[in-house]
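Observations on the model geometry
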Amino acid sequence: MNSKNLGYVWLAIAVFSFSSYEVISKFVQGFVDPTQLTFVRFLTGGLVLLPFAFMHMKKKGIRLTKKDLFILLLLGFLNVSISMNLIQIGMEYTPANLAAMIISSNPVFVALFSSIFLKERLTVKKAAGLLIGIVGVAVALGATTSTTNSDFYLGVALQAAGMIAFSLYTVLGKKVALRVGSITLNAYSSILGSLTILPFVLYKGISPFAIDLQPIWWEMAYICIGNTGLAFFLYFKALESLDTSFASTTFFVKPILASLLATLILGEMFSMNMVAGIVLVLIGIYFVNKQGQNRLQIRTKHRKAGERVG
């Protein structure tokens, strides 16, 4: 299996894990504070990956400088303290399906940030694919809520800010992952990021590890190790061989897949709107992926032509 096809496999596993988070987290609500959960999951996930990061750096001869550690600290702060924390808190004020829709709109900003920081072209076809994907999510989820109180708008604002922060983290994280490896990025940024959110936990007057794990031990293990550790690693591993905008566009699948899992596990309703949304999402992903493949073929043709001339 070539690296690109393997990248699709890693991406599929990561997106499935991300999509299951809302469903699994339902089982830990009331047992763990949102900020406390963010701290524990990223600290645990980072520690799980750390030995593998050491092996990777030793194999590749990578030595992290003080500048590298500072950058990883900033990325960890961006992802853990800002993005994931704001999203987790915002979910207290908005319905889960609306939260999924907001988070899944991040490919629009990823495409924008990629054009700025990674010089990836934001073409008309790619933009069309992104918009079709957004429409698909909207159709699949339908009317999310009729709530108009101030807490609702606060929740929307927090989640939107968290989503934009994650989009920036995705783009900036790819540059770092290509240099030090995705497993190094995720291990260090998760651990350092968890340390930046620790003061927020203590400010709430919560003991960071005061959690009764007996009734929720397997859910916490899945969230901390599988979802936060391995899923983030596989996501950035996929980014090493796939177009950033395409990889992030698959996040449109997240609310749809999450709804499917909610139907199977929580018994929630599955409507025809969901079927129509899935079709539109697949069309949107096709447009973005097709554009990325065309660009790769052009670059390959030019490189081979240059080799013949040389």
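Residues numbered from 1 in each chain as written. Predicted model: local features only at pLDDT ≥ 70, side-chain atom pairs only at ≥ 80, totals over all residues. Heavy atoms only, no water.

Things to note about the side chain of Thr-35
Our working definition: For the purposes of this entry, the term helix denotes a DSSP run of H or I that reaches at least four residues, the term strand denotes a run of E that reaches at least two, and both are numbered from the N terminus. Any two residues whose heavy atoms approach within 4.5 Å are treated as being in contact.
As for its placement among the helices and strands, Thr-35 is situated in helix H2 (residues 34-60). If near-sequence neighbours (up to four positions away) are discounted, Thr-35 is found in contact with Asn-85, Ile-89, Ile-197, Phe-200, Val-201 and Lys-204.

Thoughts on a nonpolar patch on the surface
Filter applied, for reference: What goes into a patch is any residue over 30% in relative accessible area without a salt bridge, connected to like charges within 9 Å or, for nonpolar side chains (Val, Leu, Ile, Met, Phe, Trp, Tyr), within 5 Å. The accessible surface values rely on the Shrake-Rupley method and a 1.4 Å probe; as for residues, cover is taken only from the protein chains in view. A carboxyl oxygen of Asp or Glu within 4 Å of a side-chain nitrogen of Lys or Arg is what we treat as a salt bridge.
Where nonpolar side chains cluster on the molecular surface, the patch consists of Met-272, Val-275, Val-279, Ile-283, Tyr-286 and Phe-287 and spans about 560 Å² of accessible area. When you line up the elements, Met-272 lands in helix H12 (residues 272-309).

Notes on the packing of helix H8 (residues 182-203) against helix H9 (residues 217-239)
Applicable threshold: Helix axes are fitted only over the stretch in contact, all axes being lines through C-alpha atoms; the angle between N-to-C directions runs from 0 to 180 degrees. Rotating anticlockwise by less than a right angle from the far helix to the near helix defines a left-handed crossing, while the corresponding clockwise rotation defines a right-handed one.
As a packed pair, H8 and H9 sit with axes 8 Å apart at the nearest point and diverge in direction by 140°. Read as a crossing pair, H8 and H9 show a hand that is right-handed. Listed contacts from H9 to Ser-182, Ile-183, Leu-185 and Asn-186 of H8 are Phe-232, Phe-233, Phe-236 and Lys-237.

Regarding the pattern of salt bridges
Here is the rule we go by: The rule is simple: take the accessible area with a 1.4 Å probe, protein chains only, and divide by the maximum for that residue type; under 20% is buried, over 50% is exposed, in between is partly exposed.
Evaluation of the coordinates by the stated rule reveals two salt bridges. Between Asp-33 and Lys-204 there is a salt bridge whose closest N-O contact spans 3.2 Å. With Asp-33 in the loop between helix H1 (3-25) and H2 and Lys-204 in the loop between H8 and H9, the pair connects residues that are 171 residues apart, well separated along the chain. A salt bridge links Arg-179 to Asp-68, with the nearest nitrogen and oxygen atoms 3.0 Å apart. With Arg-179 in helix H7 (residues 150-180) and Asp-68 in helix H3 (residues 66-90), this residue pair connects regions lying 111 residues apart in the sequence. By relative accessible area, which is 45% here, Arg-179 ends up partly exposed.

Considerations on the nonpolar core
Nonpolar side chains in soluble globular proteins generally cluster together in the buried interior. We apply this condition: Here, nonpolar core means buried Ala, Val, Leu, Ile, Met, Phe, Trp, Tyr and Cys residues that are tied together by side-chain atoms lying within 4.5 Å of each other.
Among the nonpolar cores identified, the biggest contains 59 residues, and Leu-11, Leu-185, Met-220, Tyr-235 and Phe-236 are the most heavily contacted of them. If one sorts the elements of this core by residue count, H9 sits on top with eleven residues.

Points about the packing of helix H5 (residues 106-118) against H7
This is how it is decided: Angle categories are assigned with fixed cut-offs, so that under 35 degrees is roughly parallel, over 145 is roughly antiparallel, 65 to 115 is roughly perpendicular, and the rest are oblique. Here the term charged refers only to Asp, Glu, Lys and Arg, the term nonpolar to Ala, Val, Leu, Ile, Met, Phe, Trp, Tyr, Cys and Pro, and the term polar to all other amino acids, Gly among them.
Taken N-terminus to C-terminus, the directions of H5 and H7 make an angle of 40°; their axes are 9 Å apart at the nearest point. With respect to H7, the axis of H5 lies oblique. When the axes of H5 and H7 are compared, the crossing they make is right-handed. Here H5 contributes Asn-106, Phe-109, Val-110, Phe-113, Ser-114, Phe-117 and Leu-118 to the contact with H7, which in turn contributes Met-163, Ile-164, Phe-166, Ser-167, Leu-168, Thr-170, Val-171, Leu-172, Lys-174 and Lys-175. Residue classes in the contact of H5 with H7 are distributed as eleven nonpolar, four polar and two charged.

Points about the environment of Asp-212
Heads up, the rule is: Residues adjacent in sequence count toward polar contacts only when both atoms are side-chain atoms; beyond that, a polar contact is any pair of N or O atoms within 3.5 Å, and within protein one must be able to donate a hydrogen and the other to accept it.
Structurally, Asp-212 can be placed in the loop between H8 and H9. In the structure, Asp-212 is positioned 180 residues away from Val-32 in sequence and 8.5 Å away in space, judged by C-alpha atoms. A polar atom in the side chain of Asp-212 sits 3.4 Å from the backbone nitrogen of Gln-214.

Observations concerning the packing of aromatic side chains
What counts here: In this scheme Phe, Tyr and Trp rings, the latter by its six-membered ring, pair at centre separations within 6.5 Å, and the angle between planes marks the pair as stacked below 30 degrees, edge-to-face above 60, and tilted otherwise.
Applying the stated rule across the entire model yields seven aromatic pairs. When the centroid spacing of 5.8 Å and the interplanar angle of 65° are considered together, the rings of Phe-42 and Phe-232 count as edge-to-face. Of this pair, Phe-42 sits in helix H2 while Phe-232 sits in helix H9, placing them 190 residues apart in sequence. Residue classification places Phe-42 among the buried positions, given a relative accessible area of 0%. Using a relative accessible area of 2% as the deciding quantity, one classes Phe-232 as buried. Among the aromatic residues, ring-to-ring pairing joins Phe-18, Phe-42, Phe-166, Tyr-169, Phe-232 and Tyr-235 into one connected group.

Some words on the side chain of Ser-190
Here Ser-190 shows up in helix H8. Residues within four places of Ser-190 in sequence aside, it is in contact with Phe-42, Leu-43, Gly-46, Val-80 and Leu-185.

What about the environment of Ile-102?
Within the secondary structure, Ile-102 is located in helix H4 (residues 96-104). Judged by relative accessible area, which is 12%, Ile-102 ranks as buried. Taking the C-alpha atoms as reference points, Ile-102 and Ile-87, separated by 15 residues in sequence, lie 9.5 Å from one another. If near-sequence neighbours (up to four positions away) are discounted, Ile-102 is found in contact with Val-156, Gln-159, Ala-160 and Met-163.

Topic: the confidence of the model for the protein
Inclusion rule: Confidence scores here are pLDDT values: one per residue, from the predictor, ranging 0 to 100.
Confidence in the prediction for the protein averages 81 pLDDT; 85% of positions are at 70 or higher. The weakest mean pLDDT in the protein belongs to H12 at 61; the strongest belongs to H8 at 94. For residues 296-310, every residue scores under 50 in pLDDT, and the model assigns this stretch one contact once sequence neighbours within four places are set aside.

Overview of H3
Stated precisely, the cut-off is as follows: To estimate the expected span of a helix, subtract one from its residue number and multiply by 1.5 Å. Bend, in this description, refers to the angle at a residue between axes fitted to the seven residues ending there and the seven starting there.
Its 25 residues give H3 an end-to-end C-alpha distance of 34 Å, which sits within 8% of 36 Å, the value for a rise of 1.5 Å per residue. The largest bend in H3 comes to about 25°, at Met-84.

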